[in-house]
Amino acid sequence: TSALFPQITFRSNVTNRDTKRDLGPIFPSYLFASHNVNNRLGIGFGFFSAAANKVDYPIDWEGRFFLTKAELRQFNFAPTVAYQVYEGLSIGISTVLTYADFEQANQLDLSALGFPQEGSLALDGKGLGVQVVAGLKAKLGSSLLLGAVYKSPMKITFDGNARFQVPDVLRP
């Protein structure tokens, strides 16, 4: 595990005002374990998470109609098998199972509808994805290794909520 303390600054081209945010701490975690079953077969497991995918701005900053908050968290679990076909050639395959969740928010500009106040929108969701990763490692001579990796596309479909805060007259 690492500790990250990200900071971001947005400088406006219009007002020349800085909006600074401290977003930490964030703790990306990684854990990998492997075991040789015999001299040709190995198994392993990996856990890793994506981090630092977070922004949080005040609701009165000039980009508020685009974004006030966003966070994406991703946790990956990867059981793995590797096999040495012959000395100098190994193959491996893994299925990566991913759990992800997100939050996103922004303000809504209602002035075009004749309302002086702003509304807000908050989204959140959770989803699962699966990916296959296959690799090949070949020894070409005494000091040259060649590796190739294929990663299938991963699709994560999120299921979640949308919450609007708007004047009562605009509510369904």
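For the structure, see preceding data.
Cut-offs applied
Residues numbered from 1 in each chain as written. Predicted model: local features only at pLDDT ≥ 70, side-chain atom pairs only at ≥ 80, totals over all residues. Heavy atoms only, no water. Patch = residues over 30% accessible without salt bridge, like charges linked within 9 Å, V, L, I, M, F, W, Y side chains within 5 Å. Areas by Shrake-Rupley, 256 points an atom, 1.4 Å probe, with all protein chains shown as cover. Salt bridge = Lys/Arg side-chain N within 4 Å of Asp/Glu carboxyl O. Helix = DSSP H or I, 4+ residues; strand = E, 2+ residues; numbered from the N terminus. Phe/Tyr/Trp six-rings, centres within 6.5 Å; stacked < 30°, edge-to-face > 60°. Buried < 20%, exposed > 50% of the residue type's maximum accessible area, 1.4 Å probe, protein only. Contact = heavy atoms within 4.5 Å.

Caption draft 1: Structural context of a nonpolar patch on the surface. Taken together, Val37, Ile43, Val81, Ile93 and Val132 make up a surface patch of nonpolar side chains, about 370 Å² in accessible area. Inspection of the secondary structure puts Val132 in strand E8 (residues 119-139).

Caption draft 2: How the structure looks around the packing of aromatic side chains. Under the counting rule described, the total for this entry stands at 7 aromatic pairs. Both rings, one in Phe10 and one in Trp61, keep their centres 4.9 Å apart while their planes meet at 80 degrees; by these two values the pair is edge-to-face. Of this pair, Phe10 sits in strand E1 (residues 7-11) while Trp61 sits in the loop between strand E5 (54-56) and strand E6 (69-86), and the two are 51 residues apart along the sequence. Using a relative accessible area of 28% as the deciding quantity, one classes Phe10 as partly exposed. Consider the rings of Phe102 and Phe158, whose centres lie 5.1 Å apart with planes at 85 degrees: the pair is edge-to-face. With a gap of 56 residues between them, Phe102 in strand E7 (residues 89-108) and Phe158 in strand E10 (residues 157-165) connect regions that are remote in the sequence. Note on Phe158: relative accessible area 35%, which makes it partly exposed. What links up through ring pairs into an aromatic cluster is the set Phe47, Phe75, Phe77 and Tyr99.

Caption draft 3: Summary view of the side chain of Gln107. For Gln107, the location among the structural elements is in strand E7. Setting aside chain neighbours within four positions, we find Gln107 in contact with Ile59, Arg64, Phe65, Thr68, Glu118, Gly119 and Ser120.

Caption draft 4: Quick peek at the pattern of salt bridges. In the structure shown here, the tally under the stated rule is 5 salt bridges. One salt bridge connects Lys69 with Glu103, and the closest N-O pair in it is separated by 2.9 Å. Here the residue Lys69 occupies a position in strand E6, and Glu103 occupies one in strand E7, the gap between them amounting to 34 residues. With a relative accessible area of 37%, Glu103 lands in the partly exposed category. With its nearest N and O atoms 2.5 Å apart, the salt bridge here joins Asp124 to Arg163. With Asp124 in strand E8 and Arg163 in strand E10, this residue pair connects regions lying 39 residues apart in the sequence. Judged by its relative accessible area of 22%, Asp124 falls in the partly exposed class.

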